[in-house]
Amino acid sequence: MNEQQQTLFQFMSQQADKLGMQTLQHIGLTFISLFIAVLIGLPIGVYITRKKNLSGLVLGIAGVLQTIPSIALLGFMIPLLGIGAKPAIVALLLYALLPIIRNTYTGITGVDAAVKEAAVAMGMNKWQVLFKVELPLAMPVILAGIRTATVINVGVATLASYIAAGGLGEFIFGGISLNNTNMILAGAIPAALLAIIFDFLLSLVQKLNFKKIRGAVKVAPILLLLLSCLYFIPSAYGGKLTAGFTPEFMGRQDGNLGLRSKYGLKIHTIVISDAVMYKAAQEKELDVISGYSTDGRLKAYNLVVLDDDKKIFPPYYAAPIVRTDALDKFPDLEKTLNLLSGTITDSIMTELNYKTDYLHQTPERVAKDFLVAKKLWKPERGGNDGIVRIGSKIFGEQYILASMYSMLIKGYTNYDVTTKTGLGGTKIVFDAMTNNQIDVYPEYTGTGLLAILQAPAKMVNALQVSKDSTYNYVQKEFLKRYSIKWLKPIGFNNAYALMMREKQAKELNIKTISNLKRYLESK
Amino acid sequence: MIKVEHLVKTYGDIKAVNDISFEVDKGENMVLLGTSGCGKTTTLKILNRLIEPNSGTISIDGKNILEQPPELLRRGIGYVLQNNGLFPHYTVAENIAIVPNLLKWDKAKTQKRIDELLEKLHLTKDYLNAYPTELSGGQQQRIGLARALVANPPVLLMDEPFGALDNVTRSKIHDEFKALDELKRKTIIMVTHDVQEAFELADRIALMDKGKIVQIGTPAELLFNPVNDFVSGFLQDQRLQLEFKSIKLTDIWEHLSDTGKKTNTSSLPAETGVWDVLENFKFYPNETLNILNQQNKEFKSITFEQLMLAFSKYKNLQPHE
């Protein structure tokens, strides 16, 4: 236990720069959006106390905005506002609106009617009544709304890293992808602390008496602005080209770390989720991205892979991995899963991915078409000799493979199948397997080696020579450590690759990663 | 001073105020009396335009108030609410200074006026920096009164001003109210549902029912010349007490016989009500009291029995209902 804490501490001190930057971005994002939300929400809240018949509608709309899942809301923002800070701030402020509008409304309608009547009867005009009586008296309730909004924003801001807006989410989601608990905690603990600290500070403000609150309210906008500015400190420097890397890629030896150490590549980098990365590259928001070599969007968006001339990306041959107790329980399973072995090459996989990612065909249809073409497809037997549980990670290729396995098992054996698809990153799907939630899912040799086994650098270097040595090593180690068996490779190699727009790469004459480095260093 | 003509205010089909007209003279204290829902509060609030009437005219000092900007009108009319309506986020001093600040008085003038009022209302300066919640109900009501009086408005509107107070505090404030010379010069319109309070404080009473004024007159007129059963019925419960309060020594002067025994030098003025004379007898039931009639410079010494005898003789001469 001590060891765990120490390594977490070591990780945090190692990454202190990054951690500090992400924390500043996180605070910045939270407060820019909060500031704008107050600017918008407060007047709306006041307005609907004057036009009571609008209040239901406005509160309803704000309530609906609140129920949109955060990831989906961020997704909606990309076509409208692109990637980066803008859409993240807009999404965050939409979340912050409801508590602010609602509490302003509740606060003002809750002011003692006799006090309001007295204010009017003394001869105050409507602005004087608002600013001298209603707002000051509603302030504790309004502050409670702002406090709620702040805590929501600190939480939702972790998701901003999905669309390249930075923040502590970079560590959290990088950690989940990389199966790196320290990295998750290095993001999650500061995020939780931020929420607790801001909540506590705002609770103090709320408890101030009327006299002091008047001063506090004057200081608040300035403080909000200052905190908002924190966001811009880390992003003040830029570069010739902008790279967008997934959180997973950022933290991997065979990713950004390798690019730095082996190529000495220094590029202005933002962190982004792979769901929007390709699109951003096509729309020229990003110039270099970290993709997968079999990704269908490669074809769809006219991107080219830069040659890995120093061989830092190890092979990622896909193969189904199965719990050994499942193999004992379902004797026909292994040979059924191996039916796919050797049938899918890199180009076939890219083609299949293109059909789902770009032509928007369902993974089931793509899987069936392929199996039919290869004459592997058989109608379902409707067997009931037990249920095989198939898992997949949360991207297209894995859905297709899971569908194929499901159809093969139903067609060739008497087992039934349930699928648990979309299990997030490596850590989530692999934990599901070790906890006996799923029996089989497609994994890649490189991921097994680096993310799950976390093999030492020396071992990685030694194995990098050939695809078979990596496969043999992970097969042996998985069986020993987890009682999980690697079946035969499916055939394709879905390795990491750096990609650029074809046109830009041609113009700049960049074909390899070394070319890219040379271009970046030239003046 | 105040002239109200054909005032109407409807809410949907309900006529809250149904064609009301009345006049209040300068310095007079007019009480609008009635049960809840009779339209008295609505009438009051129309006078400073917290409620806008459907039709009718109101003039104060000959000026049509419906043509004045409401904010400016209100700054010239004092207003006292039942639940005082003090700003909880303002100190006592800030609460009192609301109207002077709206009128942009300079600080020294405001401060001087606040000090003056506090003294008149028997409040110490210690309260100035306190918040209203730190004060008792009676003190809050006095601050509410001070806030209404601070800018010296000629007209004062009071909406059940003593309604939220307990009986002991209320009668104490009633006494202060009657004694306060600031108020003697004001034209006051007060709303209450409390018959005794009306009889105690009013120069004239307008008894209202279902949006109309049933009878308007002095307390004695209402008591002894009711226009209909509603009026006599309304006063029936507390009749004797009201009679004691509304009949003054001057009214029964001719029936009072002088014992000629002058036991001490102090004397009560003849404008004193019978109720208050009885209060004086409470402590010395077997004593005689000296009374002085300023109008005809007559001086009498009376006993309790003589007072009661004169009171019943006077009552027997009144027309019977």
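About the thresholds
Residues numbered from 1 in each chain as written. Chains lettered and ligands numbered in written order. Predicted model: local features only at pLDDT ≥ 70, side-chain atom pairs only at ≥ 80, totals over all residues. Heavy atoms only, no water. Helix = DSSP H or I, 4+ residues; strand = E, 2+ residues; numbered from the N terminus. Rg over C-alpha atoms; globule rule 2.2 N^0.38 Å. Buried < 20%, exposed > 50% of the residue type's maximum accessible area, 1.4 Å probe, protein only. Areas by Shrake-Rupley, 256 points an atom, 1.4 Å probe, with all protein chains shown as cover. Contact = heavy atoms within 4.5 Å. Buried area = accessible area lost by both parts, 1.4 Å probe. Salt bridge = Lys/Arg side-chain N within 4 Å of Asp/Glu carboxyl O. Polar contact = N/O pair within 3.5 Å; in protein donor to acceptor, adjacent residues only side chain to side chain. Pairing = 2+ DSSP bridges. Axes fitted to C-alpha atoms, helices over the stretch in contact; angles between N-to-C directions. 1 Å grid on protein atoms, 1.4 Å probe; cavity = no way out; pocket = protein on both sides within 12 Å on 5 of 7 lines; lining within 4 Å. Points joined across faces, edges and corners; volume = space filled by probe spheres on them. Nonpolar A, V, L, I, M, F, W, Y, C, P; charged D, E, K, R; others polar. Domains from an automatic or database assignment.

**Q** Honestly, the overall build of chain B in this entry has me stumped. Any pointers?
**A** When helices and strands are counted, chain B shows 14 helices and 13 strands. Against the 2.2 N^0.38 benchmark of 20 Å for 321 residues, chain B shows a C-alpha radius of gyration of 22 Å, consistent with a compact globule. C-alpha extents for chain B along the principal axes are approximately 60 × 50 × 35 Å. A total of 321 residues make up chain B; the buried ones form 52% of that total. Carbon and sulfur atoms provide 49% of the accessible area of chain B, an area that totals close to 15000 Å².

**Q** Any chance you could explain the interface of chain B and chain A here in plain terms?
**A** When the parts come together, some accessible area is lost, and that loss is often what is quoted as the size of the interface. The partner chain A presents 19 residues to the 23 residues of chain B that form the contact. Together chain B and chain A conceal approximately 1900 Å² of surface at their shared face, both sides included; 64% is due to carbon and sulfur atoms. Three residues, Phe87, His89 and Leu102 of chain B, lead the burial of chain B against chain A; their summed loss comes to 29% of the area buried on that side. The tally of links from chain B across to chain A stands at one salt bridge. Among the ionic pairs, lysine 45 of chain B bridges to glutamate 117 of chain A, the shortest N-O distance being 2.7 Å. Our enumeration of links across chain B and chain A arrives at four residue pairs in polar contact (both at pLDDT 80 or more).

**Q** Would you explain the pattern of salt bridges in this entry?
**A** Pairing between side chains becomes possible if they bear opposite charge and their charged atoms approach one another. Residue and element names in this part refer to chain B. Tallied over the entire structure, the rule returns 30 salt bridges over all chains. Lysine 125 is paired through a salt bridge with aspartate 115; the nearest N and O atoms lie 3.6 Å apart. Highlighted residues: lysine 125 in the loop between helix 5 (107–120) and helix 6 (137–149) and aspartate 115 in helix 5, separated in sequence by ten residues. Lysine 120 serves as the salt-bridge partner of glutamate 182, at 2.7 Å between the closest nitrogen and oxygen. Of the two residues, glutamate 182 is situated in helix 8 (residues 181–184) and lysine 120 in helix 5; the sequence distance between them amounts to 62 residues. Relative accessible area serves as the criterion here: at 1%, glutamate 182 is assigned to the buried category. Here the residues in one salt-bridge network are Arg113, Glu116, Lys120 and Glu182, joined through shared partners.

**Q** Explain the sheet that holds strand 7 (residues 155–159) of chain B here, please?
**A** The strands that make up a sheet pair up through hydrogen bonds in the backbone, lying either parallel or antiparallel. Residue and element names in this part refer to chain B. Taken together, six strands build an open sheet; the order of strands is 6-7-8-3-9-10 and the sheet is mixed. Both outer strands of the open sheet, strand 6 (77–80) and strand 10 (212–217), are each paired with one neighbouring strand and no more. The sheet shows a mean angle of 15° between the axes of neighbouring strands, direction not considered. Its contacts with the sheet put helix 11 (residues 229–236) on strand 3 (29–33), strand 9 (204–209) and strand 10, and the angle it makes with strand 9 is roughly 105°.

**Q** Teacher, can you tell me more about empty space enclosed by the protein here?
**A** Sizing a probe to match a water molecule and rolling it over the atoms shows the empty space that remains. Scanning the entire structure with this criterion turns up three cavities of 30 Å³ or more. Estimated volume of the largest cavity: approximately 100 Å³. Around the largest cavity sit 13 residues that line it, and Leu121, Arg142, Leu145, Phe162 and Ile173 of chain B are the ones nearest its centre. Going through the elements one at a time, helix 6 and helix 7 (167–179) of chain B are the ones with two or more residues in the lining of the largest cavity. Its residues placed into classes, the lining of the largest cavity shows nine nonpolar, one polar and three charged. A volume near 60 Å³ is recorded for the second largest cavity. In this structure, the second largest cavity is lined by Ala121 and Met122 of chain A together with Arg74, Arg75, Ile77, Gly78, Tyr79, Val99, Arg147, Ala148, Ala151 and Pro153 of chain B. Within the residue set of the lining of the second largest cavity, elements represented by two or more residues are helix 2 (70–75), strand 6 and helix 6 of chain B. The element contributing the most residues to the lining of the second largest cavity is strand 6 of chain B, with three residues.

**Q** Is there a simple way to think about the sheet that holds strand 10 (residues 496–501) of chain A in this case?
**A** Residue and element names in this part refer to chain A. Read from one edge to the other, the open sheet built from five strands follows the order 2-1-3-10-4, with strand pairing classed as mixed. Strands at the two margins of the open sheet, each flanked by one partner only, are strand 2 (268–271) and strand 4 (303–305). Taken pair by pair, the neighbouring strands of this sheet meet at an average axis angle of 35°, ignoring direction. Of the pairings in the sheet, the one linking strand 3 (residues 288–292) to strand 10 comprises five bridges and is antiparallel in character. Residue valine 288 lies in a different strand from strand 10, and its bridge partner there is methionine 500.

**Q** Can you help me understand the domain arrangement of chain A in this one?
**A** Residue and element names in this part refer to chain A. The assigned domain composition of chain A is domain 1 (2–236), domain 2 (242–311 + 498–521) and domain 3 (318–492). One C-alpha centre belongs to domain 1, the other to domain 2, and the line joining them spans 34 Å. Tallying the contact residues gives 15 residues for domain 1 and 13 residues for domain 2. Note on domain 1 versus domain 2: buried area summed over both sides is about 1100 Å², and carbon and sulfur give 70% of it. Area buried by domain 1 at its contact with domain 2 is led by Ile83, Tyr162 and Leu178, which between them contribute 40% of it. Inspection of the domain 1/domain 2 interface yields zero salt bridges. Per-element tally for the side of domain 1 that touches domain 2: the top contributor is helix 8 (residues 169–178), with five residues.

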